[in-house]
Amino acid sequence: MGNRGMEELIPLVNRLQEALSGVGQSCSLHLPQIAVVGGQSAGKSSVLESFVGRDFLPRGSGIVTRRPLILQLLSANTEYGEFLHCKGKKFTDFDEIRQEIEAETCRVTGSNKGISPVPINLRMYSPHVLNLTLVDLPGITKLPVGDQPADIEYQIRDMIMQFICKENCLILAVTPANTDLANSDALKLAKDVDPQGQRTIGVITKLDLMDEGTDAREILENRLLPLRRGYIGVVNRSQKDIDGKKDIKAALLAEEKFFLSHSAYKHIAASMGTPYLQRILNQQLTNHIRDTLPAFRSHLQSQLLAVNKEVEEYKQYNPDDPASRTKTLLQSVQRLAVDFEKLIEGSGDKVDTMILSGGARINRIFHERFPYELVKIESDESKLRREINYAIRNIHGVRTGLFTPDMAFEAIVKKQISRLKGPCMKFVDMVSQELFTTVNQCFNKLSSFPKLRDETEKIITTEIREQESKCRDQVLLLIDIQLAYINTKHEDFVGFTNAQQMYNQSNKKVVLGISGNQGVVPFSSLIVIRKGWLTVSNIGIMKGGAKEYWFILTAESLSWFKDDEEKEKKYMLPLDNLKLRDVEKGFMSSKFVFAIFNTESRNVYKDYKCLELACNTQDELDSWKASLLRAGVYPEKVTVDGQGNGAPENFTDPQLERQVETIRNLVDSYMSIIYKTIRDLMPKAIMHLMINSVKEFISSELLAQLYALGECSALMDESPEQQQHREEVLRKHDALKEALAVIGEISTSTCSTPLPPPVDSSWIQPSSPKKSVTGAKPVTRGHAPPVPRVPTHTGRTASPSTDGVQQLAGQPHRAPPCVPRRHPPAIPNVK
């Protein structure tokens, strides 16, 4: 191989790619394309072959390269070539590669000098190359020959532009020394897309073919017609050398001898020749790699930091060491206990900001769901009054009672207390379900050891079930205790005398029309129970449609405002005679809706009998219901009398009405004591009998029960997936560390070269249209061919950059320059 400069970078970059490929990472060092541009027979293919170090391109006079050749160099252990149009076929003989290029060119363009913008894609695998893309383009020509179209010059020009306008393309503008450099089409095209000369290198070929007594010294010294990156002179093999099978190594020695022996060039021989051109191009690759490394290093370091904690755990676990297995079992159980306690008691680390979980959900059951279930059973006023009516009449029998029977009070109270069993059992069920959900969240961290997870889940589930059963018994016992003795001497109980006085006072207010302290705002109306956004969903479309308002609930009223600044009040609704009911969720709606209505069939708001309010979540709906219950707005309940007694009777007996009202007041007073007691005791009982017991069991007894199974070693068997994951994480960790070490070597063993200062390149005239012959008809041309796409190479560690989105080091991000267009030449009239 003749390219020694590239070989210095190959080991480091290949080590980097190999280190990352083992763990499925991409190297992401997208290297630039190198396009060779010039006229026909300017020596473009020879320059390209010298760079690769292999003789594989077609040769001849005239236009030989008639289709773009996109050559992808890929690093591999063996040397061979593959064509995209011959998938699966490997070419190990470079003469066969040349023949295949010629055959594929003729297949599309014919054998009579035709051209085509459709590229030939060749991949060459070798241990001596970097992943790089080289582009061999057709030579610029002026006159059509053979089957070539009249606008051949412009078709080739457009073809070239599609490649060199990419910002990551280095342009080698090849010009023969025996032509006028000022009229070089290659330099003109390069200036069209690279006016600052940042990625254009001038290459002067055929220096050995100049007329005797002439030389290109001033050009090569960059004094006569300067370029920012200057010129490099090369001497390629002649057709006679190629026909004589002169290899590239011998040609490089002959080139070196030419520059050292020529009087005009020997003082600049060190900066001339193919090896120097290779070094310049390699330095551009080095600059690109070095400028890419900082961001790439940061990316790798962040990945390394992400796996460090997991790697530390895996390094401490040795599946073949019984002591390591026992230690991991102990740590896993301890971590499970800590995680469960954090979820129940709350913790400041890893706070979930999206949903409620663990203890927060249980707290909501304690203070929202359970009180709501209790109020639902006490809210049916008509049924309660009917039961009191029947109880009084049944106790009196055929006689008419003169006094209010206390047995009716006790019977009604005991029945009301017995009805608490349903909500209390439901309460235990809800908390038990949340415990299972919370424990399952902790089990996820034991997924590495399936047997340990299964046994732990079985043991804890059994424990929760046992504690749940004990808790049910204790809850029923609490209710039975309340049923055993009706304490009418309780300090908060109103008693018979006070109950009758309350009835008499209420009657006086009705008769006299007394409304209390008029003009005085009661203190309870100032207590805000809840604030929040609700959508009024049943407002008609003609009246503005559903709209969101800021609601404020107090003990006396429900008000809503335009927004949460609470400046513009829309309405205030008193809570008297209000009840709520559920509304079915609409087919297309994602909202959760409940309705507020007046029990006396009055309008609640303007012309509306009810007000439908919508929330975004079920939790929000439950919370609003619980708040309304606190304010005395109870849910509606449809009553069906199972005994066929029908609707409650209208009282015609004033004495019976007085007795019912008295018992009603007594029941209400006593049950408020019971409800307050149950609301207080139930969360305490659940916390003590279930939650704390399960927490204590996990922290102190779970490990002992696992040991009692007698299969501690088997419990710590990893699942195949976990074993594979552990090995992959350890491999990834080692690969990332090695990759960072290689990056450090590249940073210390290479250096960047600054971009040369700008020069005056105004001598290069931009491309301009030629004047057409008078009377000639212009040739109609279609659009330029699309940008050729290089197929993505699969199954390799990295693929060379061919999409043109990456940029050279130091290039600002900007849109690719537009391809300049010229009018085609006119076709002279043929007489």
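Everything below is about the structure shown above.
Residues numbered from 1 in each chain as written. Predicted model: local features only at pLDDT ≥ 70, side-chain atom pairs only at ≥ 80, totals over all residues. Heavy atoms only, no water.

S.K.: What am I meant to see in the overall build of the protein here?
M.R.: Within the protein one finds 21 helices and 16 strands. Looking at the protein as a whole, 47% of its 831 residues qualify as buried. Considering only residue pairs separated by 6 or more positions, the protein has 77% of its internal contacts joining residues 24 or more positions apart. Accessible area of the protein: about 42,500 Å², with a carbon and sulfur share of 52%. (Helix = DSSP H or I, 4+ residues; strand = E, 2+ residues; numbered from the N terminus. Buried < 20%, exposed > 50% of the residue type's maximum accessible area, 1.4 Å probe, protein only. Contact = heavy atoms within 4.5 Å. Areas by Shrake-Rupley, 256 points an atom, 1.4 Å probe, with all protein chains shown as cover.)

S.K.: Please explain the sheet that holds strand 13 (residues 578-583) as it appears in this structure.
M.R.: The strand order 12-11-10-9-15-14-13-16 describes an open sheet built from eight strands, whose pairing is mixed. At either margin of the open sheet sits one strand with a lone partner, and together these are strand 12 (569-574) and strand 16 (634-635). Bridge count for strand 11 (residues 557-561) against strand 12 is five bridges, and the pairing is antiparallel. Bridge pairing links Trp560 to Tyr571 in strand 12. With respect to the sheet, helix 17 (residues 618-630) is in contact with strand 9 (528-536), strand 10 (547-554), strand 13, strand 14 (592-598), strand 15 (610-615) and strand 16, its orientation differing from that of strand 9 by roughly 130°. (Pairing = 2+ DSSP bridges. Axes fitted to C-alpha atoms, helices over the stretch in contact; angles between N-to-C directions.)

S.K.: Would you explain the packing of aromatic side chains in this entry?
M.R.: Applying the stated criterion across every chain, the model contains 16 aromatic pairs. Taking 5.3 Å as the distance between ring centres and 90° as the angle between the ring planes, the aromatic pair formed by Phe83 and Phe91 counts as edge-to-face. Of the two residues, Phe83 and Phe91, neither departs from the other in class, the shared state being buried. Taking 6.1 Å as the distance between ring centres and 65° as the angle between the ring planes, the aromatic pair formed by Phe259 and Tyr265 counts as edge-to-face. The class for Phe259 is buried, based on a relative accessible area of 2%. Members of the aromatic cluster, joined through ring pairs, are Phe551, Trp560, Tyr571, Tyr605 and Tyr608. Looking at Arg530, its charged tip hangs above the ring of Trp624, at a distance of 4.8 Å from the centre. The ring of Phe597 has Arg581 lying over it, and the distance from NZ or CZ to the ring centre is 4.6 Å. (Phe/Tyr/Trp six-rings, centres within 6.5 Å; stacked < 30°, edge-to-face > 60°. Lys NZ or Arg CZ within 6 Å of the ring centre and 35° of its normal.)

S.K.: Just checking my understanding: could you explain the nonpolar core for this structure?
M.R.: For soluble globular proteins, the rule of thumb is that nonpolar side chains tend to be buried together. Phe409, Ile417, Phe427, Leu435, Ile686 and Ile698 are the most contacted members of the largest nonpolar core, which has 69 residues in total. Looking at this core, the elements that each hand over two or more residues are helix 10 (322-345), helix 11 (359-378), helix 12 (381-396), helix 13 (406-418), helix 14 (421-443), helix 15 (450-484), helix 18 (654-700) and helix 19 (702-708). Of the residues forming this core, the biggest block, 20 residues, is contributed by helix 18. Residues within four places of Ile698 in sequence aside, it is in contact with Val333, Leu336, Ala337, Phe340 and Ile460. (Core = buried A, V, L, I, M, F, W, Y, C linked by side-chain atoms within 4.5 Å.)

S.K.: What is the right way to look at the pairing of strand 1 (residues 33-38) in this model?
M.R.: On a regular strand, each side chain points to the face opposite its neighbour's, so the side chains alternate between the two faces of the sheet. Counting buried residues along strand 1, six of its six residues qualify, which places the element largely inside the surrounding structure. With burial as the criterion, each face of strand 1 is covered, one bearing Gln33, Ala35 and Val37 and the other bearing Ile34, Val36 and Gly38.

S.K.: How do you make sense of the pattern of salt bridges when you look at a structure like this?
M.R.: A pair can form between side chains of opposite charge whenever their charged atoms are brought close. If you walk through the whole model with that rule in mind, you get 26 salt bridges. What emerges from the salt-bridge pattern is a single network uniting Arg364, Arg369, Asp619 and Asp622. (Salt bridge = Lys/Arg side-chain N within 4 Å of Asp/Glu carboxyl O.)

S.K.: Looking at this structure, how should I read the side chain of Ser557?
M.R.: Counting through the fold element by element, Ser557 comes out in strand 11. Among the residues examined, Ser557 registers a relative accessible area of 10% and is labelled buried. Excluding anything up to four places from it in sequence, Ser557 contacts Ile552, Met572, Leu573, Pro574 and Leu575.

S.K.: Would you mind going over unusual backbone geometry with me for this structure?
M.R.: Working note: non-glycine residues mostly have negative phi, and peptide bonds are mostly trans. One non-glycine residue, Asn222, adopts positive backbone phi at about 65°. The phi dihedral of Asn577 is positive, around 60°, even though this residue is not glycine. Tracing the backbone shows Asn577 in the loop between strand 12 and strand 13.

S.K.: Teacher, can you tell me more about the environment of Gln482 here?
M.R.: Looking at the secondary structure, you find Gln482 in helix 15. Owing to a relative accessible area of 18%, Gln482 belongs among the buried residues under this scheme. Linking Gln482 and Lys414, residues 68 residues apart in sequence, is a C-alpha distance of 8.5 Å. When neighbours within four sequence positions are excluded, Gln482 is seen to be in contact with Ile417, Ile674 and Thr677.

S.K.: Would you explain the packing of helix 14 against helix 18 in this entry?
M.R.: To describe two helices that pack against each other, one gives the angle between their axes and the distance between the axes. Following both chains from N to C, one finds helix 14 and helix 18 inclined at 35°, their axes separated by 11 Å at the closest point. Classified by chirality, the crossing of helix 18 by helix 14 is right-handed. For the pair helix 14 and helix 18, the contacting residues are Cys424, Phe427, Val428, Val431, Ser432 and Leu435 in the first and Ile678, Met682, Pro683, Ile686, Met690, Ile691 and Val694 in the second. When its residues are assigned to classes, the contact of helix 14 with helix 18 shows twelve nonpolar, one polar and no charged. (Left-handed = near helix turned anticlockwise from the far one by under 90°. Nonpolar A, V, L, I, M, F, W, Y, C, P; charged D, E, K, R; others polar.)

S.K.: I would appreciate a short explanation of the side chain of Gln467 in the present structure.
M.R.: Residue placement: Gln467 occurs in helix 15. When its relative accessible area of 9% is taken as the criterion, Gln467 is described as buried. Only 2.8 Å separates the side chain of Gln467 from the side chain of Glu463, close enough to count as a polar contact. Setting aside its immediate chain neighbours within four residues, Gln467 contacts Leu689, Met690, Ser693 and Val694. (Polar contact = N/O pair within 3.5 Å; in protein donor to acceptor, adjacent residues only side chain to side chain.)

S.K.: Honestly, the environment of Val193 in this entry has me stumped. Any pointers?
M.R.: Mapped onto the elements of the fold, Val193 is located in helix 5 (residues 185-193). The class of Val193 is buried, set by a relative accessible area of 2%.

S.K.: Could you clarify how one ought to interpret the packing of helix 10 against helix 14 in this entry?
M.R.: Interhelical geometry of helix 10 versus helix 14 gives an angle of 135° and a closest axis separation of 9 Å. Taken together, helix 10 and helix 14 sit at an angle that is classed as oblique. When you trace helix 10 past helix 14, the crossing you get is right-handed. Within the contact between the two elements, helix 10 uses Leu336, Asp339, Phe340, Leu343 and Ile344 and helix 14 uses Leu435, Thr438, Val439, Gln441, Cys442 and Phe443. Residue composition of the contact of helix 10 with helix 14, grouped by class: eight nonpolar, two polar and one charged. (Parallel < 35°, antiparallel > 145°, perpendicular 65-115°, else oblique.)

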